[in-house]
Amino acid sequence: MSNRTLPLGWIAFLTAFLFVASAKKAHAYIDAGTGSYLLQVGMGAALAAAFAVRMSWLRLKQFALRALWKRRDGTDG
Amino acid sequence: MADLSVLSSFRDPSGFLFLRDGSIYRQVNAVYREHYERLLASGLYHALVEAGLLVPHEEVEAGLADAEQGYKIIRPELVEFVSYPYEWSFSQLKDAALATLRIAKTALDYGMCLKDASAYNIQFRNGKPTLIDTLSFEIYRPGQPWVAYRQFCQHFLAPLALMAHADVRMGQLLRVYIDGVPLDLASSLLPLRTRFSPGLALHLHLHARMQRRHGGRALQPRRQRLSPMALRGLFDSLESLVTRLRWEPRGTEWADYYQDTNYGEEAFRHKRQLVARFLDTVAPGTVWDLGANVGVFSRIAAERGIRTIAFDLDPAAVEKNYLECCARGETHHLPLVLDLTNPSGGLGWGNQERLSLRERGPADLVLALALSHHLAISNNVPLARIARFLHAIGRSLVIEFVPKSDSQVQRLLAFREDVFSHYTQEAFERAFSEYFAIASAQPIQGSARTLYLMRGRAA
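Definitions and limits used
- Residues numbered from 1 in each chain as written.
- Chains lettered and ligands numbered in written order.
- Predicted model: local features only at pLDDT ≥ 70, side-chain atom pairs only at ≥ 80, totals over all residues.
- Heavy atoms only, no water.
- Helix = DSSP H or I, 4+ residues; strand = E, 2+ residues; numbered from the N terminus.
- Buried < 20%, exposed > 50% of the residue type's maximum accessible area, 1.4 Å probe, protein only.
- Phe/Tyr/Trp six-rings, centres within 6.5 Å; stacked < 30°, edge-to-face > 60°.
- Lys NZ or Arg CZ within 6 Å of the ring centre and 35° of its normal.
- Core = buried A, V, L, I, M, F, W, Y, C linked by side-chain atoms within 4.5 Å.
- Contact = heavy atoms within 4.5 Å.

A word on the overall build of chain A. Each helix and strand in chain A was counted, giving three helices and zero strands. Within chain A, buried positions represent 21% of all 77 residues.

So, in structure tokens, the structure goes:
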């Protein structure tokens, strides 16, 4: 890839950045909280995936630590 | 005696607080019956009370305050001193936020949902943030998004992010915005780099934008679904974001005060002894330490089991004091941010939702150590007005007079004309004698200062 071409990741990031870059004034007096609902629903799949990965990682870490302790106890004993 | 409604308790149709014969009660309305019964039957109430996250209550056989709507009366354990989020230091607000998320996660484990994430529902009880609104839960319907998401972000995330990334004094925005800092305002005040933090970009900047685009739009709630796994993911994401927000107390006016004072070791020790002796003489149940700095003297009261509130203007000093309270496991000591020249006033609907400082008093004893010269000289408050205010908030007073010859006063006068000819010990005693009887006046050894014990005269 030439140095003058932006990588795909950067283009995606810049697009996302421009999207979030300018929050203009909200009209609180008619705000029914719809934006908050839609945001949660919109990022639901990503939140669920991130949570599942984190839980799996924690379980794996616990399993590894338990195995390590068991081995150490066996060696000491 | 007629019931008195608690003026901060009117928004939630589930129930309300009222005062009867000097005790505080909460009426649970019939409309909330199913949720209240689930709270108890599911085991959630006991789990949260056991973890110190929810204020315990007992059901009482008292008459309903509003028989038309009422179902049950409960008596929650009394919170000794009500404090507000705009009086908390960074870590106090952060701990309150994390407690709220822990409560929300626990509720989900028991098939319920935290429907209200107001920072005003959290109070520091025995040094720990505790939910005081028993009616904040509803039965969880699988698929429902978190109804309190926006409220959590406005009450906790936005002020915390502003304090951590912009300026710690931004916490004071909570005084102006009673329902939390508007997200579009927070988004515009936060530095550019926060847009590169995935958590803040999502929960704050994008959230603000979504509110702007869709805030006023009506939608069919049943169509908007969020899986239980995604809801747990939302709590998890907010928890790790809040945990990562940090602020280090340094470089502010008072945080290093004791390293920069003219006290010798002897004077400091003698002042501590005198304060301890005066506390033992009065034996107060509550102490308010005004200008408490990092809590060296308020700790003398707290260690005696006296409920002590340590107020200071400097968020860095209050932060240091709070972290010290946590490290020591202190249960009777609550540090709070307060500007004495502009103390918390009555706020909210009818100026009655959030109580002013005076309405939360009087304390049995007020400590005003090394304070009068700051008020009289730095802020030009006449001695008579200082005396009147201290009389309004305390039944007894321990106050230190710092004479003009003291190097701290000289420093205050270094770059200004000395127009304070009335600032003398005689004038001080005269002004305070109008409101207090001087019970004892003890010179502090190794200094030119005097410590007074005064008893308030009947109004």
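All told, the structure shown has 20 aromatic pairs over all chains when counted by the stated rule. A ring pair is formed by B:Phe81 and B:Trp288, whose centres lie 5.7 Å apart and whose planes are at 85°; its orientation type is edge-to-face. Placement of the pair is B:Phe81 in the loop between β5 (70–76) and α3 (90–109) and B:Trp288 in strand β10 (residues 286–290), with a sequence separation of 207 residues. You'll find B:Phe81 and B:Trp288 in the same group, each marked buried. Judged by centre distance (5.2 Å) and plane angle (40°), the rings of B:Phe152 and B:Phe156 are tilted. Here B:Phe152 pairs with B:Phe156, and both are found in helix α4 (residues 149–165), just four residues apart, close to one helical turn. For the pair formed by B:Phe152 and B:Phe156, the shared burial category is buried. Grouped by ring-pair contacts, the aromatic residues B:Phe401, B:Tyr423, B:Phe428, B:Phe432, B:Phe436 and B:Tyr452 constitute a single cluster. Seen from the ring of A:Trp69, A:Arg72 lies directly overhead, with NZ or CZ sitting 5.2 Å from the centre. Looking at B:Arg354, its charged tip hangs above the ring of B:Tyr120, at a distance of 3.9 Å from the centre.

What follows covers the nonpolar core. Residues and elements named next belong to chain B. Counting residues in hydrophobic clusters, the biggest one holds 118 residues, and the most contacted among them are Phe137, Trp146, Trp288, Leu390 and Phe432. Among the elements that line this core, the one with the most residues is α3, at 11 residues. Sequence-distant contacts of phenylalanine 432, that is, excluding residues within four places in its chain, are made with Leu383, Ile386, Ala387, Leu390, Leu397, Ile399 and Met454.

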